[in-house]
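Single-letter residue listing:
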Amino acid sequence: MDMSAGLPVSQPAQQAMPPLKAQARNLDFFYGGTVQALKGVTLPVAEKKVTALIGPSGCGKSTFLRCFNRMHDLYDGSRYVGQIMFQPDDVNILDRAVDPIEVRMRIGMVFQKPNPFPKSIFENVAYGLRVRGMRSQREVAEKVEVALRDAFLWEEVSDRLDDMAFNLSGGQQQRLCIARALATEPELMLFDEPTSALDPIATANIEELIHGLRDKVTILIVTHNMQQAARVSDYTAFMYLGELVEFGDTNIIFTNPAKKQTEDYITGRYG
Ligand code: ADP
């Protein structure tokens, strides 16, 4: 059936969203019972696209991101209300009956500061594969190489895989953490300000990498850097005081936002 039938011709066509990997629905989040950090956030996450979360410090971006891998479960008193539906199973990953370990197996996370394990470069990437029971050395080595290539790191480390990860530069360590997350083939990757501890060249490398990964994996990235959001993402969500103010195609959010609040933020009038 043609859903556009009957619409006035002057109405601009709504750009169709691609299939969704996840969708937050009316999501509230409370720290310790009293601090409400998220208020009724409803946000689609398109499959194999990059969605950026922007907004001033303290608006709830990290809190929102961390709901996706049930990180808040690790702290007493945290409370979620609402849903994050995950596809293709159509399961609410916040449901108490859903095992958070299972969720974290399917959803990878990269933090602000690179946090490699005190192990070799090879063993950092192999770690998740071994935890999942992969025993064949050949298979592990193959997967490690693919992950390091996908993280644009292979050329720089292929001749020193047994070196300790801490001997790498900050930018290389962050790409190693990305390789470590990629190795187990997550369906969704969460990036929490992944370049905030890096210099401009390392930042440019990571941005190029994130942009290129979108064909393989769905990405949700928090950034306080609007230029970064504009460079790497397909969709952008602007949050303010725990609420989603506006969501849309990144080009539109940065050139012709619908809400004045969004415009004020992207033009630097507050934040
Ligand atoms: P952003 O990522 O946009 O900077 P956050 O998600 O870190 O924002 O924080 C959102 C709100 O939740 C802020 O008011 C912050 O002070 C509060 N908050 C964050 N972490 C905690 C915590 N562990 N306990 C209590 N309040 C917190």
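The preceding data block contains the structure.
Nothing here was measured: the structure is a model prediction, and the numbers come from that model. (Residues numbered from 1 in each chain as written. Predicted model: local features only at pLDDT ≥ 70, side-chain atom pairs only at ≥ 80, totals over all residues. Heavy atoms only, no water.)

Q: So what's going on with the pattern of salt bridges? Which residues, and what values?
A: All told, the structure shown has 17 salt bridges when counted by the stated rule. In this structure, arginine 106 engages glutamate 187 in a salt bridge whose closest nitrogen and oxygen atoms are separated by 2.7 Å. Taken together, the positions of arginine 106 in helix H2 (residues 100-106) and glutamate 187 in the loop between helix H6 (170-183) and strand E7 (188-192) put the pair 81 residues apart, joining distant regions of the chain. What makes glutamate 187 partly exposed here is its relative accessible area of 26%. (Salt bridge = Lys/Arg side-chain N within 4 Å of Asp/Glu carboxyl O. Helix = DSSP H or I, 4+ residues; strand = E, 2+ residues; numbered from the N terminus. Buried < 20%, exposed > 50% of the residue type's maximum accessible area, 1.4 Å probe, protein only.)

Q: Tell me about the sheet that holds strand E3 (residues 50-54), and please be specific about residues and values.
A: With mixed pairing, the six strands of this open sheet are ordered in space as E6-E7-E8-E3-E9-E10. The strands lining the two open edges of the sheet, one partner per strand, are strand E6 (107-110) and strand E10 (243-249). Direction aside, neighbouring strands of the sheet carry axes that sit 15° apart on average. Pairing between E3 and strand E8 (residues 218-222): four bridges, direction parallel. Across the sheet, valine 50 pairs through a bridge with isoleucine 219, a residue of E8. (Pairing = 2+ DSSP bridges. Axes fitted to C-alpha atoms, helices over the stretch in contact; angles between N-to-C directions.)

Q: Give a description of the packing of aromatic side chains that names residues and reports values.
A: Going through the model one piece at a time under the given rule, you end up with six aromatic pairs. Taken together, a centroid distance of 4.9 Å and an interplanar angle of 85° make the contact between phenylalanine 29 and tyrosine 31 edge-to-face. Tyrosine 31 sits in the partly exposed class, given a relative accessible area of 35%. Look at phenylalanine 64 and phenylalanine 68: their rings are 5.2 Å apart centre to centre, the planes differ by 75°, and that puts the pair in the edge-to-face class. The ring of phenylalanine 86 has lysine 21 lying over it, and the distance from NZ or CZ to the ring centre is 4.9 Å. (Phe/Tyr/Trp six-rings, centres within 6.5 Å; stacked < 30°, edge-to-face > 60°. Lys NZ or Arg CZ within 6 Å of the ring centre and 35° of its normal.)

Q: Describe the side chain of aspartate 192, and please don't skip the residues or the numbers.
A: Residue placement: aspartate 192 occurs in strand E7. Overall, aspartate 192 belongs to the buried group, its relative accessible area being 2%. Excluding residues that lie within four positions of it along the chain, aspartate 192 makes contacts with Ser62, Leu65, Arg66, Met109, Val110, Phe111, Gln112 and Val222. (Contact = heavy atoms within 4.5 Å.)

Q: Report on helix H7 (residues 200-213), specifying residues and quantitative values.
A: Taking 1.5 Å of rise per residue, the 14 residues of H7 would be expected to cover 20 Å, and the 20 Å separating its terminal C-alpha atoms lies within 8% of that figure. Every buried residue of H7 is listed here: Ala202, Thr203, Ile206, Glu207, Leu209, Ile210 and Leu213. Taken around the axis of H7, the buried residues stretch over an arc of 165°, which confines them to a single face. Opposite its buried face, H7 presents the exposed residues Pro200, Ile201 and Glu208, each directed more than 90 degrees away. (Expected span 1.5 Å × (residues − 1). Arc of directions from axis to C-beta.)

Q: Tell me what's going on with the sheet that holds strand E5 (residues 91-92), and back it up with residues and numbers.
A: Strand order in the open sheet made by the four strands is E2-E1-E4-E5, with antiparallel pairing throughout. The open sheet is flanked by strand E2 (35-46) and E5, the only strands paired with a single partner. The sheet contact formed by strand E1 (residues 20-31) and strand E4 (residues 79-86) spans seven bridges and is antiparallel. The residue bridging phenylalanine 29 from the neighbouring strand is tyrosine 80, located in E4.

Q: Can you break down the site of the ligand residue by residue, with the values?
A: Residues in contact with the ligand, as listed here, are Tyr31, Ala37, Pro56, Ser57, Gly58, Cys59, Gly60, Lys61, Ser62 and Thr63. A distance of 3.1 Å separates an oxygen atom of the ligand from a polar backbone atom of cysteine 59. Interatomic distance of 2.8 Å between a backbone N/O atom of serine 62 and an oxygen atom of the ligand. In the complex, the protein chains occlude 56% of the 560 Å² of accessible area that the ligand would expose alone. The element contributing the most residues to the shell around the ligand is helix H1 (residues 61-67), with three residues. Split into classes, the residues belonging to the shell around the ligand amount to four nonpolar, five polar and one charged. (Near = heavy atom within 4 Å. Polar contact = N/O pair within 3.5 Å; in protein donor to acceptor, adjacent residues only side chain to side chain. Areas by Shrake-Rupley, 256 points an atom, 1.4 Å probe, with all protein chains shown as cover. Nonpolar A, V, L, I, M, F, W, Y, C, P; charged D, E, K, R; others polar.)

Q: Run through the environment of valine 157, naming residues and quoting values.
A: Looking at the secondary structure, you find valine 157 in helix H5 (residues 154-157). Residue classification places valine 157 among the buried positions, given a relative accessible area of 0%. When the C-alpha positions of valine 157 and proline 44 are compared, they lie 37 Å apart, and in sequence the two are 113 residues distant. Among residues more than four places away in sequence, those in contact with valine 157 are Ile121, Leu148 and Leu168.

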